[in-house]
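# Observations on the three-dimensional arrangement
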Amino acid sequence: MSGHAPSPGAGPETSTTVPLPERRARRRGPGPGPRVPGLLALGPLLLLTVWFVGSATGLIEERTLSAPWTVARTAADLISAGTLQEHLLASAGRALLGLGVGVTIGLALALVAGLSRIGEGLVDGPMQINRAVPNLALLPLLILWFGIGEEMKVITIALAVVVPIYVHTHNALSAIDQRYVELAETLGTGRATFIGRVVLPGALPGFLLGLRFAVTAAWLSLVVVEQVNSTNGLGYMMTLAGSYGQTDVIVVGLVVYAVLGLLLDGLVRLVQRRALTWRRTLEG
């Protein structure tokens with residue numbers, strides 16, 4: 001009879017019709033999709049491929065940019081002579097020391113400004129001034145104050161690191177919802193407990209984001225300061241190579257800078273994902 005619904009499996013329509021929830025599950029959402037392991041290496045590999053093909057076909061001249069195989073051979077020679085390791089250790093020591101000092105100072109200033117209105121009034125203005133002034137523009141003044149030794153180099157790197165750590169951590173502290181404060185007052189939560197359990201975890205994403213920028217700032221400053229009366233370091237090696245027209249040595253230094261920068265940024269991102277497992281973001 002026409003008034004009765006067809007029984008399941010009785011007609012061809014019911015056997016091919018996909019339920020609505022299943023069709024929605026198959027449809028790709030508006031997000032970027034699940035994280036694919038190793039996909040972040042795609043961009044650097046593409047650049048390396050362009051470099052290799054351009055050198056092999058002659059589109060990139062050897063005197064303009066040394067070929068990848070020439071750079072690899074030069075790097076092997078520098079490693080066998082122990083030269084690259086010596087300069088790398090010197091640069092890494094300066095960068096890590098400046099990074100450690102800058103992170104400590106920037107975090108302390110962000111906490112002072114973020115947890116106290118008086119502290120914010122005292123700290124935030126000078127930090128915004130420091131942010132507006134290019135860090136490397138202070139280099140002549142720092143040379144006059146601290147000389148041309150290691151102290152000046154570490155201080156220059158630390159000043160470059162302080163700004164991103166302060167700005168992002170302070171911004172994260174300022175963005176904590178006021179309702180958490182009201183809830184803590186209602187429950188009678190002490191200030192120390194509130195800071196330890198709410199404020200600091202809430203500021204952690206901003207601090208880790210600032211740390212990523214700080215790592216980059218440390219390497220950028222390192223390149224410059226190692227060209228000022230240095231006798232070792234990757235920057236010194238590249239400056240010396242430029243004086244003799246050794247393009248391959250310069251590119252070796254650039255590749256080492258790039259690889260170390262990517263590795264450190266990847267390490268910070270790994271810590272970021274492990275420490276912020278409670279967040280659900282598009283980054284995954």
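What you see is a predicted model; the values in this text were computed from it and never measured.

A few words on empty space enclosed by the protein. Using a probe with the size of a water molecule, rolled over the atoms, empty space left in the structure can be pinpointed. Across all of its chains, the model carries 1 cavity of 30 Å³ or more by this definition. Reported here for the largest cavity is a volume of approximately 40 Å³. Ala95, Leu96, Leu99, Val215, Ala218, Trp219 and Leu264 are the residues that line the largest cavity. Classifying every residue of the lining of the largest cavity gives 7 nonpolar, no polar and no charged.

Counted according to the given criterion, the structure contains 3 aromatic pairs. With 5.3 Å between their ring centres and 80° between their planes, Phe52 and Trp69 make a pair best called edge-to-face. Residue Phe52 is found in helix α3 (residues 42-57), and its partner Trp69 is found in helix α4 (residues 68-81); the two are separated by 17 residues along the sequence. We classify Trp69 as partly exposed; its relative accessible area is 37%. Measuring from ring centre to ring centre gives 6.4 Å for Trp145 and Phe146, while their planes differ by 85°; the resulting arrangement is edge-to-face. Assessed through its relative accessible area of 59%, Trp145 is described here as exposed. The class for Phe146 is partly exposed, based on a relative accessible area of 31%.

Next up on the list: the environment of Ile60. With respect to the helices and strands, Ile60 occurs in the loop between α3 and α4. The class of Ile60 is partly exposed, set by a relative accessible area of 24%. On a C-alpha basis, the gap between Ile60 and Val50 in space is 9.8 Å, while along the polypeptide they are 10 residues apart. With near-sequence residues (within four places) excluded, Ile60 lies in contact with Val50, Trp51, Gly54, Ser55 and Leu65.

The rules we used
- Residues numbered from 1 in each chain as written.
- Predicted model: local features only at pLDDT ≥ 70, side-chain atom pairs only at ≥ 80, totals over all residues.
- Heavy atoms only, no water.
- 1 Å grid on protein atoms, 1.4 Å probe; cavity = no way out; pocket = protein on both sides within 12 Å on 5 of 7 lines; lining within 4 Å.
- Points joined across faces, edges and corners; volume = space filled by probe spheres on them.
- Nonpolar A, V, L, I, M, F, W, Y, C, P; charged D, E, K, R; others polar.
- Phe/Tyr/Trp six-rings, centres within 6.5 Å; stacked < 30°, edge-to-face > 60°.
- Helix = DSSP H or I, 4+ residues; strand = E, 2+ residues; numbered from the N terminus.
- Buried < 20%, exposed > 50% of the residue type's maximum accessible area, 1.4 Å probe, protein only.
- Contact = heavy atoms within 4.5 Å.

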